[in-house]
Amino acid sequence: MAESEIVICPACATANRVPLERLRETPLCGKCGKPLFSGKPVAIDTGAFDRLMRLGTLPVVVDFWAEWCGPCRMMAPQFEAAAAVLEPAVRMAKVDIEAEQALAARYAIQSIPTIALFKGGRELGRQSGLMDRAALVRWAQSILA
Ligand code: ZN
């Protein structure tokens, strides 16, 4: 098992090596000093997504969503609540498929909301449709178990 994780700073995108025993102690970015985890999902664009996949070592749960999608807006607070439970073991991120159409096309996102779990750049699972906090947490934990 790894003794540290590479955590990408949500604020400045610096890759930080964090020892496992410090992961739950609100680690700060070595460059900008901001918290590496806020208990909230991080909005990412394609560049940030690729960086998370290429350099980060944590599993990443991505919520593919769009502003015009009612169920997506309904799921947003549930996804945020799930982040409070799943972080820092998992990075929770949101991709606006209107702004990042090429990324949505790369992963053939057909309907939203769709959530997908990635680790080391590989997609390990995906699920479409509205889910509540408990279902989101169960889903992620079942894939990572
Ligand atoms: Zn930073």
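The structure under discussion appears in the preceding block.
None of these values were measured; they are calculated from a predicted model.

**Q** How would you explain the overall build of the protein if you had to name every residue and give the values?
**A** If you tally the helices and strands in the protein, you get four helices and seven strands. For the protein, the N- to C-terminal ordering of α and β elements is β-β-β-α-β-α-β-α-β-β-α. In terms of overall size, the protein behaves like a compact globule, its C-alpha atoms giving a radius of gyration of 14 Å where 145 residues would be expected to give roughly 15 Å. Overall, the C-alpha framework of the protein stretches about 40 × 30 × 25 Å when taken along its three principal axes. Pairs at least 24 apart in sequence give 60% of the contacts found in the protein among residues at least 6 apart. Split by element, the accessible area of the protein, about 7,400 Å² in all, is 52% carbon and sulfur. For the protein, the distance from the average position of its 17 positive side-chain charges to the average position of its 15 negative side-chain charges is 3 Å.

**Q** Go over the coordination of the zinc ion, please, and point to the residues and values.
**A** Protein ligation of the zinc ion involves Cys9 (SG), Cys12 (SG), Cys29 (SG) and Cys32 (SG), the donor distances falling in the range 2.3 Å. Around the zinc ion, the four donor atoms sit at angles spanning 104 to 115°, and that spread fits a shape best called tetrahedral. Donor residues for the zinc ion sit on one chain with the sequence pattern C-x2-C-x16-C-x2-C. In this pair, Cys9 sits in the loop between β1 (4-8) and β2 (15-19) while Cys32 sits in the loop between β2 and β3 (42-43), placing the two residues 23 residues apart along the sequence. For Cys9, a relative accessible area of 3% translates into the label buried.

**Q** Which residues make up the packing of aromatic side chains, and what values do they have?
**A** Within the structure shown, the criterion is met by three aromatic pairs. Between Phe49 and Phe118, the aromatic rings sit 5.3 Å apart at their centres with planes inclined by 85°, giving edge-to-face as the arrangement. Separated by 69 residues along the polypeptide, Phe49 in helix α1 (residues 46-55) and Phe118 in strand β6 (residues 114-119) bring together distant segments of the chain. The buried category is assigned to Phe118, whose relative accessible area is 0%. An aromatic cluster is defined as three or more aromatic residues linked by ring pairs; in this entry it consists of Phe49, Tyr107 and Phe118. Against the face of Trp65 rests Lys94, its NZ or CZ located 5.1 Å from the ring centre.

The rules behind these values
- Residues numbered from 1 in each chain as written.
- Predicted model: local features only at pLDDT ≥ 70, side-chain atom pairs only at ≥ 80, totals over all residues.
- Heavy atoms only, no water.
- Helix = DSSP H or I, 4+ residues; strand = E, 2+ residues; numbered from the N terminus.
- Rg over C-alpha atoms; globule rule 2.2 N^0.38 Å.
- Contact = heavy atoms within 4.5 Å.
- Areas by Shrake-Rupley, 256 points an atom, 1.4 Å probe, with all protein chains shown as cover.
- Lys, Arg positive; Asp, Glu negative; His and termini not counted.
- Charge placed at Lys NZ, Arg CZ, Asp CG, Glu CD.
- Donors = N, O, S within 2.8 Å, 3.2 Å for Na, K, Ca; no water.
- Tetrahedral: all angles 85-135°; square planar, octahedral: opposite > 155°, others 65-115°.
- Buried < 20%, exposed > 50% of the residue type's maximum accessible area, 1.4 Å probe, protein only.
- Phe/Tyr/Trp six-rings, centres within 6.5 Å; stacked < 30°, edge-to-face > 60°.
- Lys NZ or Arg CZ within 6 Å of the ring centre and 35° of its normal.

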